[in-house]
Amino acid sequence: MRSYTEEANGIFPSVCPLDCPDQCGLLIHKKDGKIVKVEGDPGHPVTQGAICNKVRNMPERINDPNRLKYPMKRVGAKGEARFARITWEEAIDTISSTWKALIAEHGPESILPYSFYGNMGNIGTEGMDRRFFNRLGASRLERAICQSAGTAGYGYTMGGSFGIDPEDTLHSKLFIMWGINAVSTNMHQVAIAEKARKNGAKLVVIDVHKNRTGRWADWFIPLRPGTDAALALGIMHVLFRDKKVDEEFLQAYTVGHEELRAHVAQYDPATVSVITGVSVANIEKLATLYGETTPSFIRIGNGLQHHDNGGMAIRTISCLPALTGQWMHRGGGAIKGNSGFLSHNEYALQRPDLLANKRTRQINMNRLGDALLDTAPPVYSLYVYNSNPAVVAPDGNRVRSGLKREDLFTVVHDLFLTETARYADIVLPATSSFENTDFYSSYWHHFIQIQQPVVERYGESLPNVEVFRRLADAMGFEDEAFKDTEEDMIRQALDNPRNPYIQNITFEELVEKQYVKADVKPLFPGRLSTPSGKIELYSQQMKRRGYDPLPAFTPLKEEGNYPLIFIAAPNHNFLNSTFSNNQKHASMEKMPRLSISREDAGKFGIEDGIQVRIWNDRGECVLTASVGDDVLPGVVVTQGLWSDVPGTKQLVNSLTPDRLADMGGGATFFSGRVAVTPV
Ligand SMILES: Nc1nc2c(c(=O)[nH]1)N[C@H]1C(S)=C(S)[C@@H](COP(=O)(O)OP(=O)(O)OC[C@H]3O[C@@H](n4cnc5c(=O)[nH]c(N)nc54)[C@H](O)[C@@H]3O)O[C@H]1N2
Ligand SMILES: Nc1nc2c(c(=O)[nH]1)N[C@H]1C(S)=C(S)[C@@H](COP(=O)(O)OP(=O)(O)OC[C@H]3O[C@@H](n4cnc5c(=O)[nH]c(N)nc54)[C@H](O)[C@@H]3O)O[C@H]1N2
Ligand code: SF4
Ligand SMILES: [Mo]
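The model shown is predicted, which means the values in this text are computed figures rather than measured ones.

Draft legend 1. Quick look at the environment of Phe-553. Following the sequence through the fold, Phe-553 ends up in the loop between helix H24 (540–544) and strand S22 (564–569). For Phe-553 and Met-312, which are 241 residues apart along the polypeptide, the C-alpha to C-alpha distance reads 7.4 Å. Phe-553 has contacts with Gly-226, Thr-227, Ala-229, Ala-230, Leu-233, Tyr-267, Ile-275 and Asn-309, leaving out every residue within four places of it along the chain.

As structure tokens, then:
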């Protein structure tokens, strides 16, 4: 195997590590041992050499002098961010001796890991870490901050995270981008849609905010937040009413179409219009367009599932392609997520068998504030990696109060002294993905890719896998699982007899080719992994679990007397909170703004460009007002998880609710309410 780190100069293949569906192939340019340029790999069949601006500017982040270089311990008060350098030996020793004492006194469930996908590498995010915390017997973290409500909802209909091959959408004649800001969050889906547009395809965007994606659309359809299920039911009503359904497909590949037909009778366009704010004429027009266009494609985003009713919203939308039999046509169907096609051997990688007590408690990451302030028996130690909960977690003021607890022993492993790391007792420096070995599986396209180290480890930083190996050793864990090399783990993960699609993908092939496509077949004709093997328009499984077995609309929860629904979505130039601490990225984004309708601006005395205070029972923010026609009355939208710059109040999660969505323990970031006044 060629070692890229030994070559001081050259261009090396790589993969984007960020939590983005596109998972681009990259080429890393190195000069004198340093990364000087990142560009797209033109050979990658899906991403084809195009990458986003944020990653084009990645060298700024990788070579940032503010990167953590060595381990540190806290010498000031909690949250004061005063630290002193220590050695790795002292760091590991402090952590392991503190944990041994905690386990002796309170049991291992007093320790809570907290992580997400700051780096999507499989072995670094769900490999050695999971083995370690399983063996430790720590509280288990339910990692539900991102897509879990929608994944559950889609799964009830379709049997798992399986959609169409995005490469096939080149043939689509209609794109419905539903609750996805794809220009910013899935740029290659947009690139494919652009090509299809040249062949006459129409681009429809359904969103609560006329953002970059709304402006790109041929037809932008604004609707009230959390009413998407009603709109989808209205479309179904028209399709059945006007006999635009594919009866043959419904017969062969679905269950419950008769129940559904009867059920949607009540969702006539007039009723749906009152709920959604979409006019009757537009509901008719959309349903007719959808009913008459083949192949048509729905890209289901994450936005609409970050709501109280998000699981059911996605469950409902995912029924639509079945009605007109779109799944039978190349380029027809939907994508919510495609991770099912690339599923690896989780058992081998995570080793759940190392967990002695199978009833070890689970803590939902969306309730971190509660977990730290209100849970019995208490959490006495938090180990954070691949995530920045002080900024990204809902009900942020409670999260930060929890992190301030004097009796909470917090370890944070990151590349930077993040807002979360400022509260740590021990800070550990992390390598960037370009310093590690790992493999990556897209949740949109069908390629698995490999990362081999391109540059030497920065300072004394270490990859997640190595830190957990050292912790295992210090805790006295002798299992062979902790001695596995990165290559061993990749081989174990790829060996998944239960996934027929990746039988062709081996470690050797990845090393040789850099990216390998799974051997994926279209879903139909075929059997799904739902209980019936068919698309479940009516779901017995849902009924048993206490849900409406049919697609349904339930309004968002009310919250006191706050008049406006507050949507704080991602922005173009950050990746969640990643890059928010980069000068370059922050300056491209300028400042956090609050989009408000002219009507509401008039009502609350707000002029364009002024500072506004946004508040509710959970907290407050101060942002710059942007008055216009981007949002409907009753809704305000801001974009980006900005960093906590002293003198600002821009942590938007100070305002978001930590209650859980209807399914999957999902987050409800977008269902909160606020009031707004001029500062
Ligand atoms: N540039 C950039 N790319 C990213 C990220 C990033 O931070 N920045 N984050 C990555 C991650 S982790 C994820 S999960 C994805 C998220 O990316 P997307 O799947 O695009 O999801 P969001 O951006 O959260 O929300 C998408 C849209 O939903 C809209 N929305 C909110 N509520 C509703 C509603 O009730 N109905 C409808 N129809 N629309 C609604 C928002 O206005 C927003 O435009 O992007 C990934 N890619
Ligand atoms: N208001 C609001 N809040 C949201 C969202 C929203 O739309 N609105 N989106 C939510 C969603 S969908 C998601 S996915 C979450 C994401 O939230 P997070 O998972 O916290 O994502 P990031 O903010 O990107 O933070 C990732 C951190 O991991 C670090 N990191 C990167 N690589 C490594 C590594 O190899 N090792 C270690 N140890 N650390 C590493 C990075 O430096 C960074 O600090 O945010 C959620 N929060
Ligand atoms: S963030 Fe997304 S679009 Fe940008 S380089 Fe990475 S995978 Fe590609
Ligand atoms: Mo996410």
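Structure shown, so let's carry the discussion forward.
Draft legend 2. Seen up close, the site of ligand 1. In the region of ligand 1, 31 residues are neighbours, and Asp-207, Gly-226, Asp-228, Phe-574 and Asn-576 sit closest. Contact distances for ligand 1 include 2.8 Å between an oxygen atom and a side-chain N or O atom of Asn-211. Between ligand 1 and His-307, the relevant distance is 2.9 Å, taken from an oxygen atom to a side-chain nitrogen or oxygen of the residue. A total of 900 Å² of accessible area belongs to ligand 1 in isolation, and the protein chains cover 97% of it. Elements that contribute at least two residues to the shell around ligand 1 include exactly helix H7 (182–185) and strand S9 (202–207). Taken together, the residues of the shell around ligand 1 break down into 13 nonpolar, 14 polar and 4 charged.

Draft legend 3. Here's a closer look at the packing of helix H10 (residues 228–241) against helix H15 (residues 310–317). For the pair H10 and H15, the least separation of the axes is 8 Å and the interaxial angle reads 20°. In terms of axis orientation, H10 runs roughly parallel to H15. As for the relative orientation of H10 and H15, their crossing is left-handed in sense. Counted together, Asp-228, Ala-229, Ala-232, Leu-233 and Met-236 of H10 and Ala-313, Thr-316 and Ile-317 of H15 form the full contact between these two elements. Split by residue class, the contact of H10 with H15 holds 6 nonpolar, 1 polar and 1 charged.

Draft legend 4. Molecular detail of the nonpolar core. By size, the foremost hydrophobic cluster in this structure holds 187 residues, and its most contacted members are Trp-99, Phe-132, Trp-178, Leu-320, Trp-327, Tyr-383 and Ile-614. In terms of residues, this core owes the most to one element, H10, which gives 10 residues. Grouped together as the second largest cluster of nonpolar side chains are 23 residues, Cys-16, Cys-24, Val-454 and Val-455 included.

Draft legend 5. Here's a closer look at the site of ligand 3. Near ligand 3 you find Cys-16, Cys-20, Asp-22, Gln-23, Cys-24, Ile-51, Cys-52, Lys-54, Val-55 and Met-187, and these make up its full shell. Class assignment of the residues belonging to the shell around ligand 3 gives a composition of 7 nonpolar, 1 polar and 2 charged.

Draft legend 6. Region of interest: the domain arrangement of the chain. Once the domains are mapped, the chain shows domain 1 (10–62), domain 2 (72–146 + 342–517), domain 3 (164–336 + 523–544) and domain 4 (564–678). Using only C-alpha atoms to locate each centre, domain 3 and domain 4 end up separated by 28 Å. Domain 3 puts 22 residues into the contact, and the matching count from domain 4 is 19 residues. Counting each side, the surface lost to burial between domain 3 and domain 4 is near 1800 Å², with a carbon and sulfur contribution of 57%.

Draft legend 7. Quick peek at the sheet that holds strand S6 (residues 111–115). Taken in spatial order, the 6 strands line up as S5-S4-S17-S16-S15-S6 in an open sheet, and their pairing is mixed. At either margin of the open sheet sits one strand with a lone partner, and together these are strand S5 (83–85) and S6. When the angles between neighbouring strand axes are averaged without regard to direction, this sheet yields 20°. Bridging between strand S4 (residues 72–74) and S5 involves 3 bridges; their strand directions are antiparallel. When the bridges of S5 are listed, Met-72 appears paired with Arg-85.

Draft legend 8. Highlighting the sheet that holds strand S20 (residues 515–517). Overall, antiparallel pairing links the 3 strands, which are arranged S18-S19-S20 in an open sheet. Where the open sheet ends on each side, the last strands, each with one partner, are strand S18 (438–441) and S20. On average, each strand axis in the sheet is inclined to that of its neighbour by 20°, with strand direction left out of account. Pairing analysis gives 4 bridges linking S18 to strand S19 (residues 447–451), with the strands arranged antiparallel. Following the sheet pairing, Ser-441 is matched in S19 by Ile-448.

Draft legend 9. Region of the structure containing the packing of H10 against helix H14 (residues 280–292). Packing of H10 against H14 brings their axes to within 9 Å, and their N-to-C directions diverge by 65°. Seen along the crossing, H10 lies across H14 with a hand that is right-handed. Within the contact between the two elements, H10 uses Leu-231, Ile-235, Val-238, Leu-239 and Arg-241 and H14 uses Ile-283, Glu-284, Leu-286, Ala-287, Tyr-290 and Gly-291. Considering only residue class, the contact of H10 with H14 consists of 8 nonpolar, 1 polar and 2 charged.

Draft legend 10. Just the pattern of salt bridges, in detail. A complete count under the given rule lists 42 salt bridges for this structure. Salt-bridge contacts for Arg-330 lead to Asp-168; the nearest nitrogen and oxygen are separated by 2.9 Å. You can see Arg-330 sitting in the loop between helix H16 (320–323) and strand S13 (333–335) and its partner Asp-168 sitting in the loop between helix H6 (148–158) and strand S8 (174–178), a full 162 residues away along the chain. The exposed category is assigned to Arg-330, whose relative accessible area is 55%. Glu-466 is the partner of Arg-470 in a salt bridge, and the nearest nitrogen-oxygen pair spans 2.9 Å. Of the two residues, Arg-470 and Glu-466 both sit in helix H21 (residues 464–475), 4 residues apart, roughly one turn of that helix. The exposure class of Glu-466 is buried, given its relative accessible area of 16%. Through salt bridges with shared partners, a single ionic network connects Arg-367, Asp-370, Asp-374, Asp-395, Arg-398 and Asp-658.

Draft legend 11. A look at a positive patch on the surface. Among the surface-exposed residues, Lys-210, Arg-212, Arg-215, Lys-590 and Arg-593 lie close enough to one another that they form a single positively charged patch. Among the structural elements, Arg-593 can be located in strand S23 (residues 593–597). Judged by its relative accessible area of 37%, Arg-593 is partly exposed.

Draft legend 12. Expanded view of the packing of aromatic side chains. Under the defined criterion, the tally for this structure stands at 25 aromatic pairs. Centre to centre, the rings of Phe-116 and Tyr-117 are 4.7 Å apart; their planes meet at 80°, and the pair counts as edge-to-face. With a relative accessible area of 10%, Phe-116 lands in the buried category. In this structure Tyr-117 comes out as buried when scored by relative accessible area, which is 18%. Geometry around Phe-579 places Arg-61 over its ring, the cationic atom sitting 5.7 Å from the centre.

How each quantity is defined
Residues numbered from 1 in each chain as written. Chains lettered and ligands numbered in written order. Predicted model: local features only at pLDDT ≥ 70, side-chain atom pairs only at ≥ 80, totals over all residues. Heavy atoms only, no water. Helix = DSSP H or I, 4+ residues; strand = E, 2+ residues; numbered from the N terminus. Contact = heavy atoms within 4.5 Å. Near = heavy atom within 4 Å. Polar contact = N/O pair within 3.5 Å; in protein donor to acceptor, adjacent residues only side chain to side chain. Areas by Shrake-Rupley, 256 points an atom, 1.4 Å probe, with all protein chains shown as cover. Nonpolar A, V, L, I, M, F, W, Y, C, P; charged D, E, K, R; others polar. Axes fitted to C-alpha atoms, helices over the stretch in contact; angles between N-to-C directions. Parallel < 35°, antiparallel > 145°, perpendicular 65-115°, else oblique. Left-handed = near helix turned anticlockwise from the far one by under 90°. Core = buried A, V, L, I, M, F, W, Y, C linked by side-chain atoms within 4.5 Å. Buried < 20%, exposed > 50% of the residue type's maximum accessible area, 1.4 Å probe, protein only. Domains from an automatic or database assignment. Buried area = accessible area lost by both parts, 1.4 Å probe. Pairing = 2+ DSSP bridges. Salt bridge = Lys/Arg side-chain N within 4 Å of Asp/Glu carboxyl O. Patch = residues over 30% accessible without salt bridge, like charges linked within 9 Å, V, L, I, M, F, W, Y side chains within 5 Å. Lys, Arg positive; Asp, Glu negative; His and termini not counted. Charge placed at Lys NZ, Arg CZ, Asp CG, Glu CD. Phe/Tyr/Trp six-rings, centres within 6.5 Å; stacked < 30°, edge-to-face > 60°. Lys NZ or Arg CZ within 6 Å of the ring centre and 35° of its normal.

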